[in-house]
Amino acid sequence: MRRDRAHPHLVPLWRGLVVYRVVALVAAIVNLVRYGDGWARPVLGLLVVAVMAVWTALSSLRYLHRGDPPTAIVDLVVTALATLSTLLVESPEQIAAGDPVITTVWSAGPVLALAVALGWRGGLAGGVVTVGVLFAVRRTLDTDLLYDAQLLLVAGLAVGLAADTMRRSAEQLRTATALEAATAERERLARDIHDGVLQVLALVRRRGDELARHVDADAPAVEIARLAGEQEVALRRLITSAPTPGPDGTVDLGARLATALPARASLAVPAEPVLLPAAVVDELAAVLREGAANARAHAGPGAGLWVLVEDDGAAVTVSLRDDGAGIPEGRLEEAAAEGHLGVAGSMRGRVEGLGGTIALHTAPGEGTEWEITVPRSRHA
Amino acid sequence: MVRVMVVDDHPIWREGVARDLAERGLEIVATAPDGAAAVRIAPAARPDVVLMDLQLPELPGAEATARIREALPDTRVLVLSASTEHGDVLGAVRAGASGYLLKSAALDELVDAVTRTAAGHAVFSPGLAGLVLGEYRRLESEGPDEPRLTPRETEVLRLVAKGLTARAIAERLVLSHRTVENHVQNSLRKLQLTNRVELTRYAIERGLDADD
């Protein structure tokens, strides 16, 4: 991934690193002033510290503006070389006596830089390399080295984890912002559709009704007007029934049915969302689609279809009614006896699977009416 | 002749409805493009029925309904809206609208609804019956002081929501047509707020404030 700027949410960490680097450089200069005269090669020591100062300035600018992993890796190499130069600058006796390495705490810089740039893995790797370099200089596993190792590894890990967390929350923030923008855009579209398209579609349908009074009801213009009316209903449901999920994976049954049922069906729901677990809503929508398809097949395409959703807190009741021919008494039992499970059996099976009950009221000439009740307690 | 005022912000729709109703022998006494204009014009036009859209500029339909009903108690408001924003519809009903029809309704239905509204009947679509049933259930959970439906009213409203006509309901429940009408009307009247203070409080609670 190519990035020209430092990750904006990591900038505070980079600033902290730069401050640390500068303070550590001062420590290295103090170290030089204090011990430099006794070193085996004091001039070389002075030169190394000068290089460290230049590198501190260069890398700091780079971190603040780019914050890229390659800079941190180059930093690790430069710092390792500076630390290794201790072998030339100080005498073996001085090193053995436990005098500080020439880079002092400045050597922790790339560990922190790698942690910020690459996360906890980068921090850990940087820590391991830096400890290795310190061991190469000291050649002994004394308490000082173990203490340094502990600090370097913990710092690398901790800063790395912090950087990971900041990166993740920045990602979440970006997703949330994008989602908010998309929702706002959708709402704006919905308003436009509401103000224009819906009104015109409804008017086309209205004109078609008028036309049907003068010409044949099967005339193409009347058909077009009828289709416009159906599309108006479908579009209106699409833009108003926001499928926003409720808490704990619940879904509004009313909004779901608005899109699951054919546009010609009348849908009566409470104003408050009827929230049920998504799986229950899916199953109920499937049952009602089945019932609606059955009504269309038996009651005829011209028959009306009404759905009522009620929620009394303890249970949700859904009624599905058509005004078609109705089912003659005993016909369903007959079908069941003949071994046809049929629509009634399939709907009953699904509803009972939800722990609910389903009742059918029908008589010839009176249409059919299903009443499905699903208790809340089982799905709470 | 029934005097009608059409309130809608969409000019094509507003003029179309006005023309359709005029052709069917209703008298269009005024039209208004927003809620504030409707409130201003209504006292002079003195309509029997105001056909009110809900999502209006200046003043929302529910608030305009409340003000017109307050100024002209004999004028009835019939909500005609493409909006299925449930809160808006309930707000208009509580503000004193005596019925609700979707804009997708056929012209015959609309003419019939206007005539019936003028005669003092409630115009109940199945969708509105579902909303009103839901609202009473919500009120029931709020406390004992809130209005309730009688079992008979609940029964009638459920049948309305399932698409039965008043005639079919009367037949099924062995009641007179008039009694069915009364039950429907009572269910609406109990829900309507008695004064503007209540309405304003309700509007703010439900986020239907005029500043919204």
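Residues numbered from 1 in each chain as written. Chains lettered and ligands numbered in written order. Predicted model: local features only at pLDDT ≥ 70, side-chain atom pairs only at ≥ 80, totals over all residues.

Regarding the overall build of chain B
Of the regular secondary structure elements, chain B holds ten helices and five strands. By residue count, 50% of the 212 residues in chain B fall in the buried class. Nonlocal contacts in chain B, meaning residues at least 24 apart in sequence, comprise 66% of its contacts between residues at least 6 apart. (Helix = DSSP H or I, 4+ residues; strand = E, 2+ residues; numbered from the N terminus. Buried ≥ 20, exposed ≤ 12 C-beta atoms within 10 Å, placed from the backbone. Contact = placed C-beta atoms within 7 Å.)

Concerning the nonpolar core
Formed by 101 residues in total, the largest nonpolar core has its most connected members in Val307(A) and Leu78(B). Here this core takes seven residues from helix H12 (residues 278–299) of chain A, the largest share from any one element. The next biggest cluster of nonpolar side chains, apart from the first, holds 33 residues, and it includes Leu13(A), Ala117(A), Val131(A) and Val133(A). (Core = buried A, V, L, I, M, F, W, Y, C linked by C-beta atoms within 7 Å.)

Focus on the sheet that holds strand S2 (residues 266–268) of chain A
Residues and elements named next belong to chain A. Within the open sheet, the five strands sit side by side as S2-S4-S5-S7-S6. Their pairing is mixed. What marks the edges here is a single partner per strand, and that holds for S2 and strand S6 (357–362). The sheet shows a mean angle of 10° between the axes of neighbouring strands, taken without regard to direction. Across the sheet, helix H11 (residues 253–260) lies against S2, strand S4 (305–311) and strand S5 (315–322), angled at about 165° from S4, the strand it touches most. (Pairing = 2+ DSSP bridges. Axes fitted to C-alpha atoms, helices over the stretch in contact; angles between N-to-C directions.)

Section: the sheet that holds strand S4 (residues 76–81) of chain B
All names here are of chain B. Taken together, five strands build an open sheet; the order of strands is S2-S1-S3-S4-S5 and the sheet is parallel. The open sheet has two edge strands with one neighbour each: strand S2 (27–32) and strand S5 (99–102). Mean inter-strand twist for the sheet, computed between neighbouring axes without regard to direction, equals 20°. Where strand S3 (residues 49–52) lies against S4, four bridges are found, and the strand directions are parallel. Across the sheet, residue Met-52 finds its bridge partner in S4, namely Val-79.

Comments concerning helix H3 (residues 69–84) of chain A
All names here are of chain A. For H3, with 16 residues, the first-to-last C-alpha span of 23 Å sits near the 22 Å given by 1.5 Å per residue. Buried residues of H3: Ala-72, Asp-75, Leu-76, Thr-79, Ala-82 and Thr-83, and no others. One side of H3 carries all its buried residues, which in axial view fall inside an arc of 135°. Residues of H3 that are exposed and point more than 90 degrees away from the buried face comprise Pro-70 and Val-77. (Expected span 1.5 Å × (residues − 1). Arc of directions from axis to C-beta.)

A closer look at the interface of chain B and chain A
Contacts between chain B and chain A engage 31 residues on the former and 35 residues on the latter. Broken down by secondary-structure element, the contributors of at least two residues to the side of chain B that touches chain A are helix H1 (11–23), helix H4 (86–94), helix H6 (126–142) and helix H7 (151–161) of chain B. At eleven residues, H6(B) tops the list of elements feeding residues into the side of chain B that touches chain A. Residues that form the side of chain B that touches chain A fall into these classes: eleven nonpolar, twelve polar and eight charged. (Nonpolar A, V, L, I, M, F, W, Y, C, P; charged D, E, K, R; others polar.)

Quick notes on the pairing of S5(A)
Residues and elements named next belong to chain A. By the criterion of burial, S5 is predominantly enclosed, with six of the eight residues buried. Both S4 and S5 contribute to a ladder of seven bridges, which runs antiparallel. Bridge pairing in S5 places Trp-306 opposite Arg-321. Between S4 and S5, which follow one another and run antiparallel, lie three residues, and Gly-313 among them has a positive phi close to 90°. Bridge count between S5 and strand S7 (residues 368–375): eight bridges; the pairing is antiparallel.

Quick look at the confidence of the model for chain A
Residues of chain A with pLDDT of at least 70 account for 89%, and the chain-wide mean is 83. Per-element confidence in chain A ranges from a low mean pLDDT of 63 for helix H13 (residues 331–337) of chain A to a high of 94 for H3(A). (pLDDT = per-residue confidence, 0-100.)

Regarding the packing of H6(B) against H7(B)
Residue and element names in this part refer to chain B. Relative to each other, H6 and H7 sit at 140°, their axes nearing to 7 Å. Taken together, the axis directions place H6 and H7 in an arrangement best described as oblique. Crossing hand, H6 versus H7: left-handed. Contact residues: H6 offers Pro-126, Ala-129, Gly-130, Val-132 and Leu-133, while H7 offers Leu-157, Arg-158, Val-160 and Ala-161. Looking at the contact of H6 with H7 residue by residue, the classes come out as seven nonpolar, one polar and one charged. (Parallel < 35°, antiparallel > 145°, perpendicular 65-115°, else oblique. Left-handed = near helix turned anticlockwise from the far one by under 90°.)

Some details on the pairing of strand S1 (residues 3–7) of chain B
Residue and element names in this part refer to chain B. Counting buried positions over the five residues of S1 gives four, a clear majority of the element. Bridge analysis of S1 against S2 gives five bridges, and the strand direction is parallel. Within S2, the position partnered with Val-4 by the bridge is Ile-28. You can see the chain leave S1, run along H1 and come back into S2, and the turn it takes is right-handed. (Right-handed = clockwise from strand over helix to strand, strands pointing away.)

Side note on unusual backbone geometry
In this model, Thr104(A) sits at a positive phi of 45°, which is unusual for a non-glycine residue. Mapped onto the secondary structure, Thr104(A) falls in the loop between helix H5 (92–96) and helix H6 (109–118). What makes Thr104(A) partly exposed here is the crowd of 19 C-beta atoms within 10 Å. With a phi angle near 50°, Val174(B) is a residue other than glycine that sits in the positive phi range. Within the secondary structure, Val174(B) sits in the loop between helix H8 (166–173) and helix H9 (177–191).

Notes on the packing of H8(B) against H9(B)
Residue and element names in this part refer to chain B. Relative orientation of the contacting elements H8 and H9 amounts to 110°, with a least axis distance of 8 Å. Comparing the axis directions of H8 and H9 gives the class roughly perpendicular. From H8, Ala-166, Arg-167, Ile-169 and Ala-170 reach across to H9, where they touch His-177, Val-180 and Glu-181. Residues of the contact of H8 with H9, tallied by class, amount to four nonpolar, one polar and two charged.

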